[in-house]
Each structure stands twice: as C-alpha cells, then as structure tokens.
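# Examining the three-dimensional arrangement
Letter by letter, the chains look like this.
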Amino acid sequence: MSQKLAAAALCLLAPVAAQQPGSTTPEESPAFGVRHCAAPDDCQVEPSALVLDANWRWVHNVGGYENCYVEGSWNKEFCPDEDTCKQRCAVEGVDAKSYKKNYGVHVEKGEGDDLPEGVKLKFMTEGGNVGSRLYLTDGEDRYKIFHLLNREFTLDVDVSTLACGMNGAVYFIEMDPQGGKGQDFNEAGAKYGTGYCDAQCPNEKFVWNKTQGICCVEMDIWEANSKAAAYTPHPCSTVGPTKCEGIDCGYGDNGERWQGLCDKDGCDMNAFRMGARDFYGPGSNFTVDSTLPMTVVTQFLTEDGTDEGDLVEIRRIYLQGDKVIAHADSKIDGVDGNTVTDEFCSAQKQAFGDFDHHAARRG
C-alpha cells in the first residue's frame with residue numbers, strides 16, 4: 001500500500017462553486033474545536049470552524065439579487081458562457097441563524113470546553129433543504145489539513161436515527177487548502193466552501209462540459225447508518241486536485257470506470273458485506289450496538305512506524321461503554337483479516353469478481 005495519505009482536508013456530508021464572494025450576507029461559520037493529542041493526558045483543543053459547501057449556497061449576480069442558476073439552467077443574462085459566468089456570479093455567505101434554521105447545522109459544546117466539539121446535522125429542515133456538506137477550516141480562509149500517517153483519527157458518533165439507505169459520512173479528500181482561490185476566476189475560496197474533489201471525479205456545475213471533472217484521493221473514514229458501517233480508501237494516480245476529461249474521469253460504460261485516474265470502488269471494510277452479519281447493528285444482540293453512541297478509531301500504520309513511512313495498514317477499533325472492540329474478521333472464503341491491507345484488498349476483489357483497480361492505482 002504505497003499510496004501515501006500524508007495530508008487531507010476533512011469533509012462531513014451530505015458541486016456548484018461560484019467563483020466570486022458575495023457581499024449580501026456575512027459568512028458566520030460555526031466555531032468548532034478539534035483535540036490534538038500527543039498522549040492520553042496531553043491534548044490541546046485546536047480552534048477550527050465548519051463551513052458549508054458552495055453547492056448548498058445562494059448563487060446570484062455580482063452586486064445584485066438575481067439567481068444565476070434556476071431550475072437546472074443558467075441565467076443567460078449573466079452566464080452566456082462558462083468563463084463569463086464565473087466572473088459575474090457570486091456565492092453568498094451564510095449567517096449563524098441560517099446555518100441552524102436553513103441547513104440544520106447545530107454545534108454542541110463539550111463539558112467545560114470553550115469551543116464546541118460536536119455537531120448535529122439534520123437531514124431535512126423546515127424550509128425544505130435536504131442534507132448538507134461541511135468542511136473543517138482553520139477558522140479563517142483555509143481548510144484544515146490532517147497528517148494521517150503513523151497516527152489515529154477518532155470521532156464520537158450517534159447513528160441511532162439513521163435508517164437503512166441513509167449515509168452519515170465523514171471523510172478526507174485531498175482538496176486545495178485554499179479551495180482553489182486565485183485559480184480559474186475563483187475569488188471566493190475555502191471561506192465559501194469551494195474546491196470540492198473526490199475519487200468519483202465529480203463534474204462541477206460551473207464546468208459546462210460534462211465530460212470534465214476534478215479528481216483527488218479520498219479516504220472514507222465513516223459511511224454509516226444504524227444498519228451498516230464501512231471505511232474505504234480510494235487511491236488515485238493524482239497528487240492534489242486534478243482536472244480530468246474523457247476516459248480519465250472514468251464516467252463511461254464498457255469498463256471506462258476502471259480506466260480513470262481514481263479507484264472509484266475503493267477497498268471497503270464493511271462487516272456485513274464481509275460475512276460478519278452479527279457484528280454491527282441496532283440492538284444488544286450485535287457486538288457494536290448502533291442504538292447507542294460509540295467512539296470510532298481509525299489507525300494509519302506505516303511500514304517503519306514513522307510519519308514518513310509508506311502506509312501498510314488501516315485499522316478500525318470501536319469503543320462502546322467499557323468495551324474496546326476490534327473490527328470483525330472476514331468470513332468470506334479466501335479473504336482473511338479485519339484490517340485494510342494490500343493482501344486483504346486483492347483477496348476481496350478476487351472473491352467478489354471485481355476488477356482490482358485499487359492495486360492499479362497503487363492503493
């Protein structure tokens with residue numbers, strides 16, 4: 001597993017990326033704290049903030065109040081062509097009240113802490129908005145960068161109300177720290193949630209050519225509901241956000257999905273899919289009871305135990321109540337183990353008859 005997950009920006013789910021910053025509403029990103037621990041009793045709270053993806057924001061003409069994008073089409077008055085559109089349209093800020101009321105983002109303080117260290121995301125709001133996607137910033141105008149090698153990342157989650165078919169997701173993506181500010185007419189940047197990319201090489205609305213996209217390495221830390229959970233690395237042959245076109249995006253049929261720059265399928269560790277169907281689920285009959293809060297730990301082990309070594313294993317541990325729970329072992333014939341390694345991924349692809357794009361993209 002030679003692909004290095006050295007640094008990545010954190011994304012919390014649910015892309016239009018208008019290129020100019022709006023001036024109608026001030027951006028009031030909710031303050032947030034992240035604990036950085038050198039040892040169990042040596043933790044510092046780092047000030048950060050949560051910022052809403054540009055896709056969920058109001059996009060209007062610069063200096064005015066008319067929508068640039070209406071019912072799936074661009075307003076030709078401001079958008080006769082792609083480049084003009086990027087210069088004439090602005091992505092608007094979101095104030096503190098709107099983060100809660102319009103987008104269902106509620107930060108929650110920890111015990112005795114000055115900064116909130118929890119966030120509750122409502123799937124639907126009274127105004128009819130569905131879902132949200134948030135990024136973690138340094139509190140100013142840059143996305144917060146995490147160095148994962150030879151470290152672990154921990155979060156507390158409660159998925160008890162997430163039904164089958166829903167996805168509460170936390171993942172890292174190799175975005176530009178400034179959200180692409182100063183590039184391609186983008187003057188809004190990370191403060192307004194621009195610059196999204198992932199291993200699916202999504203096509204942005206401001207990119208009118210639907211055969212073009214933006215690719216980058218993706219590490220899905222947590223994709224889950226009350227019925228199932230997975231963590232999945234998606235390696236790419238890219239370094240940082242990379243524009244793609246045609247077959248490099250992997251959009252087409254006839255095998256083009258597995259000829260693109262990124263491994264779209266990834267190598268997932270999902271207990272249910274790997275045959276351990278009594279490991280994770282709602283109720284005390286499961287090893288991990290999804291009706292209760294839990295702590296999810298993801299460890300990134302290197303070959304030589306240093307921050308500079310190659311990634312060789314990704315390990316998942318759960319903490320629930322007074323129990324420390326290792327991930328379930330695979331029960332699929334020919335696939336051994338309970339962590340993501342090169343050997344596990346190749347065996348999994350072979351067992352399910354899938355093309356091993358993970359190995360092809362140096363996963």
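Predicted, not measured: the structure shown is a model, and the values here were computed from it. (Residues numbered from 1 in each chain as written. Predicted model: local features only at pLDDT ≥ 70, side-chain atom pairs only at ≥ 80, totals over all residues. Heavy atoms only, no water.)

Secondary structure assignment for the protein chain yields 4 helices and 24 strands. Relative to its length of 363 residues, the protein chain is compact, with a C-alpha radius of gyration of 21 Å against a globular reference of 21 Å. Projected onto the principal axes, the alpha-carbon positions of the protein chain cover approximately 60 × 55 × 40 Å. Put simply, the protein chain shows about 17,000 Å² of open surface, and 48% of that area lies on carbon and sulfur atoms. A distance of 4 Å separates the average location of the 33 positive side-chain charges in the protein chain from that of its 58 negative side-chain charges. (Helix = DSSP H or I, 4+ residues; strand = E, 2+ residues; numbered from the N terminus. Rg over C-alpha atoms; globule rule 2.2 N^0.38 Å. Areas by Shrake-Rupley, 256 points an atom, 1.4 Å probe, with all protein chains shown as cover. Lys, Arg positive; Asp, Glu negative; His and termini not counted. Charge placed at Lys NZ, Arg CZ, Asp CG, Glu CD.)

Taken in spatial order, the 3 strands make up an open sheet running β2-β8-β5, and their pairing is mixed. Bordering the open sheet on either side are β2 (20-21) and β5 (59-61), each of which pairs with just one other strand. With 2 bridges joining them, β2 and strand β8 (residues 89-91) adopt parallel strand pairing. Bridge assignment links Q20 to a residue of β8, and that residue is A90. (Pairing = 2+ DSSP bridges.)

Turning next to the pattern of salt bridges. Scanning the entire structure with this criterion turns up 10 salt bridges. Among the salt bridges present, the one from K144 reaches E46, with a minimum N-O distance of 2.6 Å. With a gap of 98 residues between them, K144 in the loop between β11 (134-137) and β12 (145-146) and E46 in strand β4 (residues 42-52) connect regions that are remote in the sequence. Judged by its relative accessible area of 13%, K144 is buried. By relative accessible area, which is 25% here, E46 ends up partly exposed. Between D307 and R151 there is a salt bridge, with the nearest N and O atoms lying 3.0 Å from each other. Within this pair, whereas D307 is found in the loop between β22 (294-302) and β23 (311-320), its partner R151 is found in strand β13 (residues 151-157), the two being separated by 156 residues in sequence. Classification of D307 as partly exposed rests on a relative accessible area of 33%. (Salt bridge = Lys/Arg side-chain N within 4 Å of Asp/Glu carboxyl O. Buried < 20%, exposed > 50% of the residue type's maximum accessible area, 1.4 Å probe, protein only.)

The next subject is the environment of G240. Tracing the sequence through the fold places G240 in the loop between β17 (229-234) and β18 (242-245). According to the relative accessible area criterion, G240 is buried, its value standing at 12%. It is 27 Å that separates the C-alpha atoms of G240 and W58, two residues lying 182 residues apart in sequence. Sequence-distant contacts of G240, defined by excluding residues within four places in its chain, comprise E174, C215 and C216. (Contact = heavy atoms within 4.5 Å.)

Of all 9 residues that make up β22, 8 are buried, and the element is covered over most of its length. In terms of strand pairing, β13 meets β22 through 7 bridges, oriented antiparallel. When the bridges of β22 are listed, V157 appears paired with M294.

In this model, the second largest pocket occupies a volume close to 530 Å³. Lining the second largest pocket are 24 residues, and of these D184, E204, V207, I214 and K243 lie nearest its centre. Breaking the lining of the second largest pocket down by element, the ones donating at least two residues are α1 (82-88), β15 (212-215) and β18. Its residues assigned to classes, the lining of the second largest pocket shows 8 nonpolar, 10 polar and 6 charged. (1 Å grid on protein atoms, 1.4 Å probe; cavity = no way out; pocket = protein on both sides within 12 Å on 5 of 7 lines; lining within 4 Å. Points joined across faces, edges and corners; volume = space filled by probe spheres on them. Nonpolar A, V, L, I, M, F, W, Y, C, P; charged D, E, K, R; others polar.)

Tallied over the entire structure, the rule returns 8 disulfides. Linked covalently through their sulfurs, C37 and C43 form a disulfide whose S-S length is 2.0 Å. Its S-S torsion of approximately 110° makes the covalent link between C37 and C43 right-handed. Taking the relative accessible area as the measure of exposure, C43 reaches 27% and is therefore partly exposed. Between the sulfur atoms of C68 and its disulfide partner C89 the distance amounts to 2.1 Å. Sign of the S-S torsion, about -100° for the bond between C68 and C89, identifies this disulfide as left-handed. You can see C68 sitting in the loop between β5 and β6 (69-70) and its partner C89 sitting in strand β8, a full 21 residues away along the chain. (Disulfide = S-S within 2.5 Å.)

Here the focus is the packing of aromatic side chains. Aromatic rings considered in pairs are described by the distance between their centres and by the relative angle of their planes. Applying the stated criterion across every chain yields a total of 12 aromatic pairs. With a centroid separation of 5.1 Å and an interplanar angle of 75°, the aromatic rings of F153 and F172 are classed as edge-to-face. You can see F153 sitting in strand β13 and its partner F172 sitting in strand β14 (residues 168-173), a full 19 residues away along the chain. Through a chain of ring-to-ring contacts, three or more aromatic side chains come together here, namely Y69, W74, F206 and W208. Above the plane of the ring of F352 lies R273, whose end atom (NZ or CZ) is 4.4 Å from the centre. For R316, the ring lying beneath its charged end belongs to Y318, and the centroid distance is 5.8 Å. (Phe/Tyr/Trp six-rings, centres within 6.5 Å; stacked < 30°, edge-to-face > 60°. Lys NZ or Arg CZ within 6 Å of the ring centre and 35° of its normal.)

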